[in-house]
Amino acid sequence: QHRAHVRVLFEKYLNQLADHKSTSQRMLFPEAVQLQPCDIAVLDSIIEEMSQLGFELTPLGAFNYGINSIPVGLEGINPSNLVSDMIADVLESGITIRDEINQSLSLSMARNAAIPYGQVLSKEETADLLERLFQCNNTNHTPDGKKVYTLLSKSYIDNLFQ
């Protein structure tokens, strides 16, 4: 479920970046995120993409930024951890090309917003997730190459019970 949801959200966020159509949710109480000096340079290089995703960040000085808005659908996620994770993902991968930055940011958001491992879904939620998964461009793997599902043949299953 988690991997399927990561795939669905990844493609949703990529499409939002491509279409420049994301929706922000203003935070009632803006949250501060403290960054390292090396993170500031990375943030400066991706701030436009983050804005297109629905983030609104303002410099507060002394390596601190205020998070005023986050993308809709990220309720319940710690915004400062998410911003830090997104910057760390871009820094770790060392990417510079805009498409790769968009993919890295989309993957980071998808991982943070996806259904947690072990969460039980109702039949309706599972059906909705599967429907959205099979509308994706790649249904077999997560953006980072992990398998989403495996088809087992009847003969394979029969051999398990012998």
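My aim in this report is to walk through the structure given alongside it, one point at a time. Everything quoted here is computed from the prediction, not taken from an experiment.

Another point: the overall build of the protein. Assigned secondary structure in the protein consists of six helices and three strands. In sequence order, the protein lays out its α and β elements as α-β-α-β-β-α-α-α-α. Along the first, second and third principal axes, the C-alpha atoms of the protein reach 65 × 35 × 30 Å. When each of the 162 residues of the protein is scored for burial, the buried share is 39%. For the protein, the share of sequence-separated contacts (at least 6 apart) that also reach a separation of at least 24 residues comes to 71%.

Strands sit in the order S1-S3-S2 across an open sheet of three strands; the sheet is antiparallel. If you trace the sheet from one side to the other, it starts and ends with strand S1 (24-34) and strand S2 (56-61), each paired once. Mean inter-strand twist for the sheet, computed between neighbouring axes without regard to direction, equals 20°. Where S2 and strand S3 (residues 64-71) come together, five bridges link them in antiparallel fashion. Each residue of the ladder has a partner; that of Gly61, found in S3, is Asn64. Its contacts with the sheet put helix H2 (residues 37-53) on S2 and S3, and the angle it makes with S3 is roughly 20°.

Interaxial distance between H2 and helix H3 (residues 79-93) falls to 10 Å at its minimum, and their mutual angle equals 110°. By the criterion of interaxial angle, the relationship of H2 to H3 is roughly perpendicular. Note on packing geometry: the crossing formed by H2 with H3 is right-handed. Residues Cys38, Asp39, Val42, Leu43, Ile46, Met50 and Leu53 of H2 touch H3, and the partners they reach there are Val83, Met86, Ile87, Val90 and Leu91. Class assignment of the residues belonging to the contact of H2 with H3 gives a composition of 11 nonpolar, no polar and one charged.

On to the pairing of S3. Along S3, seven of the eight residues are buried, which leaves the element largely enclosed by surrounding structure. Where S1 meets S3, seven bridges bridge the pair, whose relative direction is antiparallel. When the bridges of S3 are listed, Ser24 appears paired with Pro71.

For the structure shown, the criterion picks out five salt bridges. Here Arg111 and Asp144 are joined by a salt bridge, their closest N and O atoms 2.8 Å apart. Of this pair, Arg111 sits in helix H4 (residues 98-113) while Asp144 sits in the loop between helix H5 (123-133) and helix H6 (154-160); the two residues are 33 residues apart in sequence, bridging distant segments of the chain. With a closest N to O distance of 2.9 Å, Asp158 and Lys154 form a salt bridge. You can see Asp158 and its partner Lys154 sitting in helix H6, four residues apart, about one turn around the helix.

What counts, and at which threshold
Residues numbered from 1 in each chain as written. Predicted model: local features only at pLDDT ≥ 70, side-chain atom pairs only at ≥ 80, totals over all residues. Heavy atoms only, no water. Helix = DSSP H or I, 4+ residues; strand = E, 2+ residues; numbered from the N terminus. Buried < 20%, exposed > 50% of the residue type's maximum accessible area, 1.4 Å probe, protein only. Contact = heavy atoms within 4.5 Å. Pairing = 2+ DSSP bridges. Axes fitted to C-alpha atoms, helices over the stretch in contact; angles between N-to-C directions. Parallel < 35°, antiparallel > 145°, perpendicular 65-115°, else oblique. Left-handed = near helix turned anticlockwise from the far one by under 90°. Nonpolar A, V, L, I, M, F, W, Y, C, P; charged D, E, K, R; others polar. Salt bridge = Lys/Arg side-chain N within 4 Å of Asp/Glu carboxyl O.

Read these as geometric descriptors, not functional statements.
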